[in-house]
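Letter by letter, the chains look like this.
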Amino acid sequence: MAISRADCHALDAEDPLRDLREEFSLPDGITYLLGNSLGALPRRTAAKVAHTVETEWGRDLSASWNTAGWWDLPQSTGDRLAPLIGAGPGEVLAGDSTSTNIFKVMAAALPLRPGRRVIVSELENFPTDRYVVEGVAKALGAYEIRDVGSLDEALDMALDEALDEALDGDVAAVLLSHVDYRTGALRDMDAITARVRAAGALMIWDLCHSAGAVPVDLRAADADFAIGCTYKYLNGGPGAPAYLYVAERHQDAAHNVISGWHGHAAPFAFEPYYRPADGVRRFATGSPPVLAYSALNASLDIWETVDMSVVRAKSLALTTLFIDLIDELRPDLALVTPRDPDRRGSQVSYRHADGYPVVRALADRGVVGDYREPGIMRFGFAPLYLRYVDVYDSATALAEVLDKESWRDERYQQRLTVT
Ligand SMILES: Cc1ncc(COP(=O)(O)O)c(C=O)c1O
């Protein structure tokens, strides 16, 4: 083969991120290629959460709302996330789920473009995005959804042309994913945002598959709103607080439709009527899940030490290596991820009619990827804890599962609840 396992060991020895692997608790015998779904557990998380439980909650009780900064967690955590997505201080609020935040920012964006009644959404987006757009359109009334793309067009990367056709003077807002959850295709944030804004509409980016995977610069792109999760590449833990971004220029006019007391200007005045807090804080709603913020902040301690350009360089080296190895070992496998590195996030996906049993058989060999309809096997490459040798081992394991057809075993055919 063009590259040997020994070559991969040599690349690992020179990897500037190699020591970060020690920061993560990774089970022996597992090659974890699902950092694009649920990031691995940072070793420091357990101690940090234990401190929050035992000391802040157990000993200091409700004083911790003041002394441990619990009240400010949505903003303080948002400010720590901001550098990872090219936002400024006071532009990001951590909390709720991505789905809830889509509702909040979409419902805030639409009234900023009065007279325009169309929301552009992509059919191939992660379904919750489209579902929530439907919910917003119903809740606000008299909005039309204009879908771009279709499942197979997405796999052909035809988004650009579809967007050109969809943009006209009726469009109020556009919601797109920066990195496609199935194909791993990376969209040109600067160019798309510029086109959407030139059409007079507002641009909302879903960063679920890009924050922590690729450098993101919302300010440079002049994006209007964004949302994302923290449980994937950012290793915040299952169901970790998500986040929303509201560009500073929109903050005074943007209204939070779920106007709860945590977003009130003076929550402890207990006024009977709502008055929004200044800035992004108005997008807070109710009491934050403090234990979950604690886990996320443990991971952000690691992210604060990391240079995203180094992460990006390693991510591309890992995904390119995987693609090259599979090209050599199983040239028949249909790659649906762009070969062009500038258009690739941090995952590699292949289409295979029996993709589901293949990923199950592979998991039994210790290589964990996952499956998404239609027929997509996804392999995520989290540069903080994956080694070149892991890429080598997982590519050879995948080729072996296909060569030996071990996926045909009956036990791999049955769908689990979470695929
Ligand atoms: C693009 C995208 N948006 C949203 C979500 C999930 O939303 P939530 O965090 O509300 O479960 C995912 C989950 O994988 C996703 O890939």
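Residues numbered from 1 in each chain as written. Predicted model: local features only at pLDDT ≥ 70, side-chain atom pairs only at ≥ 80, totals over all residues.

Asks: Which residues make up the site of the ligand, and what are the values?
Replies: Around the ligand sit 13 residues, and of these S97, T98, S99, F126 and C208 come closest. Those elements that place two or more of their residues in the shell around the ligand are α5 (98–109) and α6 (127–140). Across the shell around the ligand, the residue classes break down as five nonpolar, six polar and two charged. (Near = placed C-beta within 6 Å. Helix = DSSP H or I, 4+ residues; strand = E, 2+ residues; numbered from the N terminus. Nonpolar A, V, L, I, M, F, W, Y, C, P; charged D, E, K, R; others polar.)

Asks: Please provide a residue-by-residue account of the domain arrangement of the chain, values included.
Replies: Many descriptions give the size of an interface as the accessible area lost when the pieces come together. Taken as a whole, the chain is organised into domain 1 (5–32 + 307–412) and domain 2 (48–303). Its C-alpha centre places domain 1 at a distance of 29 Å from the equivalent point of domain 2. Listing elements by their share of the side of domain 1 that touches domain 2, those giving two or more residues are α12 (308–329), β12 (347–351) and β15 (376–380). The element contributing the most residues to the side of domain 1 that touches domain 2 is α12, with four residues. Split by residue class, the side of domain 1 that touches domain 2 holds eight nonpolar, seven polar and six charged. (Domains from an automatic or database assignment.)

Asks: How would you summarise the pairing of strand β5 (residues 118–122) if you had to cite specific residues and measurements?
Replies: The buried count for β5 comes to five of five residues, which makes it a mostly enclosed element. As paired strands, β5 and strand β6 (residues 144–148) are joined by five bridges and run parallel to one another. Bridging from a neighbouring strand, S121 pairs with D147 of β6. Relative to strand β7 (residues 171–177), β5 runs parallel, the two sharing four bridges. Paired with S121 across the bridge in β7 is L175. (Buried ≥ 20, exposed ≤ 12 C-beta atoms within 10 Å, placed from the backbone. Pairing = 2+ DSSP bridges.)

Asks: Just give me the short version of the sheet that holds β7, but keep the residues and values in it.
Replies: With respect to topology, seven strands assemble into an open sheet ordered β4-β10-β9-β8-β7-β5-β6, the strand pairing being mixed. Every other strand in the sheet has two partners, leaving β4 (92–94) and β6 as the edge strands with one partner each. The mean inter-strand angle of the sheet, taken between neighbouring strand axes irrespective of direction, is 15°. Here four bridges tie strand β9 (residues 225–228) to strand β10 (residues 243–246), and the two strands are oriented antiparallel to one another. Residue pairing across strands places I227 opposite L244, the latter belonging to β10. Contacts from helix α4 (residues 73–81) reach β4 and β10, with the element oriented near 120° to β4. In this fold α6 packs onto β5, β6, β7 and β8 (202–206), with an angle of close to 165° to the strand it touches most, β5. (Axes fitted to C-alpha atoms, helices over the stretch in contact; angles between N-to-C directions. Contact = placed C-beta atoms within 7 Å.)

Asks: Any details on the nonpolar core? Residues and values, ideally.
Replies: With 117 residues, the main nonpolar core has I85, M106, A173, I204 and F322 as its most contacted residues. Each of domain 1 (5–32 + 307–412) and domain 2 (48–303) accounts for three or more of the residues forming this core. Contacts of A173, omitting those with residues within four sequence positions, involve M106, A109, L110, R113, I119, A201, L202 and I204. (Core = buried A, V, L, I, M, F, W, Y, C linked by C-beta atoms within 7 Å.)

Asks: Now, about unusual backbone geometry: what can you tell me, with residues and values included?
Replies: Going from E373 to P374, the amide bond is cis rather than trans, its omega being -5°. Here P374 lies in the loop between β14 (370–372) and β15. Even without being glycine, D222 reaches a positive phi, approximately 65°. Among the secondary structure elements, D222 is positioned in the loop between α10 (218–221) and β9. Overall, D222 belongs to the partly exposed group, with 16 C-beta atoms counted inside 10 Å.

Asks: Residues and numbers for the packing of helix α13 (residues 355–364) against helix α14 (residues 388–404), please.
Replies: Each pair of packed helices can be summarised by the angle the axes make with each other and by the distance between the axes. At their nearest, the axes of α13 and α14 sit 10 Å apart, and the two run at 120° to each other. In terms of their interaxial angle, α13 and α14 are classed as oblique. Crossing of α13 over α14 shows right-handed handedness. When α13 is examined against α14, the residues V358, A361 and L362 are found in contact with a partner set consisting of A397, L398, V401 and L402. Each residue belonging to the contact of α13 with α14 can be placed in one class, and the counts come to seven nonpolar, no polar and no charged. (Parallel < 35°, antiparallel > 145°, perpendicular 65-115°, else oblique. Left-handed = near helix turned anticlockwise from the far one by under 90°.)

Asks: I'd like a description of the sheet that holds β12, backed by residues and values.
Replies: Read from one edge to the other, the open sheet built from four strands follows the order β11-β12-β15-β14, with strand pairing classed as antiparallel. Taken across any chain shown, the strands that pair with only one partner, and hence form the sheet edges, are β11 (334–335) and β14. For β14 and β15, the ladder comprises three bridges, and the chain directions are antiparallel. Its bridge partner being in β15, D370 is matched across the sheet by R378.

Asks: Can you lay out α6 for me, pointing to particular residues and giving the numbers?
Replies: In a regular helix each residue adds 1.5 Å, so 14 residues correspond to 20 Å; α6 covers 20 Å between its end C-alpha atoms and thus fits that length. D129, V132, V133, V136 and A137 are the residues of α6 that are buried. Down the axis of α6, the buried side of the element spans an arc of 145°, and every buried residue falls inside it. Along α6, the residues that are exposed and aim more than 90 degrees away from the buried face are P127, K138 and A139. Residues of α6 that are buried in the fold lie against α5, β5, β6, β7 and β8. The positive-phi residue at the C-terminal boundary of α6 is G141, with phi of around 75°. (Expected span 1.5 Å × (residues − 1). Arc of directions from axis to C-beta.)

Asks: Explain α4 to me, and be specific about the residues and the numbers.
Replies: Where α4 is concerned, the buried positions are L73, P74, Q75, T77, G78 and L81. On its buried face, α4 is in contact with β4, β10 and α11 (290–303).

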